[in-house]
Amino acid sequence: MSAVWEEAVAEYEQQESSARVQNSMKIEREDHKLEKRLCREVGRAIVDFNMIEEGDKVMVCVSGGKDSYAMLDILLKLQKRAPINFELVAVNLDQKQPGFPEHILPEYLGKLGVPFHIENQDTYSIVKRVIPEGKTLCSLCSRLRRGILYRVAGELGCTKVALGHHRDDMLQTFFLNMFFAAKLKGMPPKLVSDDGKNVVIRPMAYVTEKDLTRWAQVREFPIIPCTLCGSQENLQRKQVGNMLREWEKKFPGRLENMFASLQNIVPSHLMDNKRHDFKGIKATGVADADGDKAFDAEEFQEPRLPGASVIGIQSR
């Protein structure tokens, strides 16, 4: 009897081992597909908007969050296989937030072997002193941070400044401007900085946040939480982010359509006199299929039975 039990246990253990191996292989395949997708999307954005050119020195802004870690990670991979030569230098701004683990990023970047610079500036004290308790800290913090990073870019001789914003950030910014600033304005993939001296790029413009969250788990990035904006739960950006996630949950694919719309603008069907000459519009006598069509819905598909189609139209 004991031999039978031993054989059964051995068979069970073999099955368990085989299942673990298969599961491990499946996870490895999924991780590889994710890496390929991230590289493809970042590479596509770089090409579409001519973000990185021959001889560029790109300052990669690394905050300690998942997005900037992933951006540096993917850019390092693309640098090895790119048809052009460009440099990368990782830059972190230590804003002297209480409890900030200042050793983590230098140790991580040192192990990567990438050139890096840590800029120490106490913007935390300025923000806390100027902004009243309970008010949003982001606007002032962001302005101070941008100014410092632009200065550092010049000092390091960088030709491009890379920020880790992704597709979801861009959609959130679009709706923030619409809801709270009454503007149709988003977060461009490439622009000239406030000081006019730097070209800012967002290589992850096409990348979704869910892919970045998964990649951070795969790569086990040493995430450093932000104790300034990260601790404010009622930020307008968080509210908009929650709204978009709820939409995506209820209507899969909606975020993709919204993002695509940012690249497919029709000024003649908006209301900005500065972008389209509404005052000068006159009849041309030439037919225009899109002239007064306000909604580009899918074309109506007639049912297979002609009789049903006639009945349906007549009953309205």
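Keep in mind that this is a model prediction, so the values were computed, not measured. (Residues numbered from 1 in each chain as written. Predicted model: local features only at pLDDT ≥ 70, side-chain atom pairs only at ≥ 80, totals over all residues. Heavy atoms only, no water.)

A. Broad picture of unusual backbone geometry. Despite not being glycine, Asn 50 has its phi angle at roughly 50 degrees, a positive value. You will see that Glu 220, though not glycine, has its phi angle at about 55 degrees, which is positive. The residue Glu 220 is located in the loop between helix H7 (209-219) and helix H8 (236-250) in this model. With a relative accessible area of 67%, Glu 220 lands in the exposed category. (Helix = DSSP H or I, 4+ residues; strand = E, 2+ residues; numbered from the N terminus. Buried < 20%, exposed > 50% of the residue type's maximum accessible area, 1.4 Å probe, protein only.)

B. Structural detail: the pattern of salt bridges. Per the counting criterion, the structure on display carries 19 salt bridges. Between Arg 44 and Glu 41 there is a salt bridge; the shortest N-O distance is 2.9 Å. Of the two residues, Arg 44 and Glu 41 are both situated in helix H1 (residues 2-48); the distance of three residues between them amounts to about one turn of the helix. In this structure, the salt-bridge partner of Glu 155 is Arg 151, at a minimum N-O distance of 2.9 Å. Note that Glu 155 and Arg 151 are positioned in helix H5 (residues 138-156) at a spacing of four residues, about one turn of the helix. Residue classification places Arg 151 among the partly exposed positions, given a relative accessible area of 34%. Within the structure, one salt-bridge network assembled from shared partners comprises Glu 53, Asp 56 and Lys 160. (Salt bridge = Lys/Arg side-chain N within 4 Å of Asp/Glu carboxyl O.)

In short, geometric facts, not functional conclusions.
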